[in-house]
Amino acid sequence: MLTKDDNLQFLQKKIGEIKVAMFKAEMNSVLQLPNNIISTIKTDGDGNVWFFTSCNGKYAQNIEKEFYAYLEYNQKGGAYRLRISGKAVVVPDTTPTYTTAVGTQLSDSIVLVKLKMMHVEYFENKNLVTTSSFKTRVKDFFTDIFFSHNYKEFNFSEAM
């Protein structure tokens with residue numbers, strides 16, 4: 001039986017392999033963080049995913065500091081994809097100043113976000129091209145119906 005630590009290590013490995021995700025914030029306020037493609041900085045031992053996302057610099061101070069969000073990790077042609085949902089927090093006063101090639105600073109338009117994994121769905125992608133025999137495909141079909149190995153669900157919200 002896998003423990004929460006084993007599950008977390010499994011997810012850290014999978015997140016580290018893809019690294020890039022679609023970020024979507026679920027906010028009720030008028031000033032929202034936009035949906036963005038993010039690059040994961042790290043996943044820590046407490047089940048947090050750290051990343052930078054952009055926002056409108058003029059309104060960065062007025063954005064809700066805690067909100068629910070999710071990350072969709074999917075790599076074209078990859079063997080799996082992940083959907084992570086949880087409570088996100090904008091980390092205050094840790095945003096470094098970035099300078100573009102033109103010389104404009106981006107520090108007002110980038111925020112550091114820490115997302116606490118509460119619910120994770122793991123999907124294995126099926127190969128569309130099969131070269132196996134008809135008998136093997138029928139056997140695999142019925143095996144997948146009764147013993148699905150291509151989907152896992154992790155719930156971290158209970159103990160954390």
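Residues numbered from 1 in each chain as written. Predicted model: local features only at pLDDT ≥ 70, side-chain atom pairs only at ≥ 80, totals over all residues. Heavy atoms only, no water.

**Some remarks on the overall build of the protein chain**
Looking only at helices and strands, the protein chain features two helices and seven strands. N-terminal to C-terminal, the α/β element order of the protein chain is α-β-β-β-β-β-β-α-β. For the protein chain, the residues scored as buried account for 32% of the 160 residues in total. Sequence separation of at least 24 residues holds for 66% of the intrachain contacts in the protein chain that already meet a minimum separation of 6. If you sum the accessible surface of the protein chain, you get close to 10,400 Å²; carbon and sulfur atoms cover 54% of it. (Helix = DSSP H or I, 4+ residues; strand = E, 2+ residues; numbered from the N terminus. Buried < 20%, exposed > 50% of the residue type's maximum accessible area, 1.4 Å probe, protein only. Contact = heavy atoms within 4.5 Å. Areas by Shrake-Rupley, 256 points an atom, 1.4 Å probe, with all protein chains shown as cover.)

**Comments concerning the pattern of salt bridges**
Per the stated rule, a full pass over the model turns up three salt bridges. Residue Lys87 is joined to Glu66 by a salt bridge in which the shortest nitrogen-to-oxygen separation is 3.1 Å. Of this pair, Lys87 sits in strand β5 (residues 80-91) while Glu66 sits in strand β4 (residues 66-74); the two residues are 21 residues apart in sequence, bridging distant segments of the chain. Lys87 sits in the partly exposed class, given a relative accessible area of 34%. Its relative accessible area of 45% is what places Glu66 among the partly exposed residues. (Salt bridge = Lys/Arg side-chain N within 4 Å of Asp/Glu carboxyl O.)

**Let's talk about helix α1 (residues 4-18)**
Taking 1.5 Å as the rise per residue, α1 with 15 residues should run 21 Å; its terminal C-alpha atoms sit 21 Å apart, in good agreement. One or two positions beyond α1, positive phi appears at Lys19, with a value near 70 degrees. (Expected span 1.5 Å × (residues − 1).)

**A few points about the nonpolar core**
If you look at the biggest cluster of nonpolar residues, it comprises 31 residues, and the most contacted ones within it are Phe23, Leu33, Phe67, Leu71, Tyr73 and Met117. For this core, the secondary-structure elements that each account for two or more residues are α1, β1 (20-26), β3 (48-54), β4, β5 and β6 (110-124). It is β6 that contributes the most residues to this core, six residues altogether. Excluding anything up to four places from it in sequence, Leu33 contacts Phe23, Ala25, Met27, Thr53, Ser54, Cys55, Ile63, Phe67 and Val111. (Core = buried A, V, L, I, M, F, W, Y, C linked by side-chain atoms within 4.5 Å.)

**Here's the deal with unusual backbone geometry**
Its identity is not glycine, yet Lys19 carries a phi of approximately 70 degrees, on the positive side. Note that Lys19 resides in the loop between α1 and β1. Classification of Lys19 by relative accessible area gives partly exposed; the value is 37%.

**Observations regarding the confidence of the model for the protein chain**
Summarising the model, the protein chain shows a mean pLDDT of 79, and 71% of its residues fall at 70 or more. Under a pLDDT of 50 for its full length, residues 98-106 has, in the predicted model, 10 contacts with residues more than four places off or in other chains. (pLDDT = per-residue confidence, 0-100.)

**Brief notes about the side chain of Glu121**
Turning to its location among the elements, Glu121 is positioned in strand β6. Buried Glu121, no salt bridge; nearest opposite-charge side chain is Arg83, N-O distance 4.4 Å. When neighbours within four sequence positions are excluded, Glu121 is seen to be in contact with Arg81, Leu82, Arg83, Tyr151, Lys152 and Glu153. (Lys, Arg positive; Asp, Glu negative; His and termini not counted.)

**A look at the environment of His119**
Along the chain, the position of His119 falls in strand β6. Using a relative accessible area of 23% as the deciding quantity, one classes His119 as partly exposed. Expressed as a C-alpha distance, the spacing of His119 and Asn155, which sit 36 residues apart in the sequence, is 4.7 Å. Residue contacts for His119: discarding those within four places in its chain leaves Arg83, Ile84, Ser85, Glu153 and Phe154.

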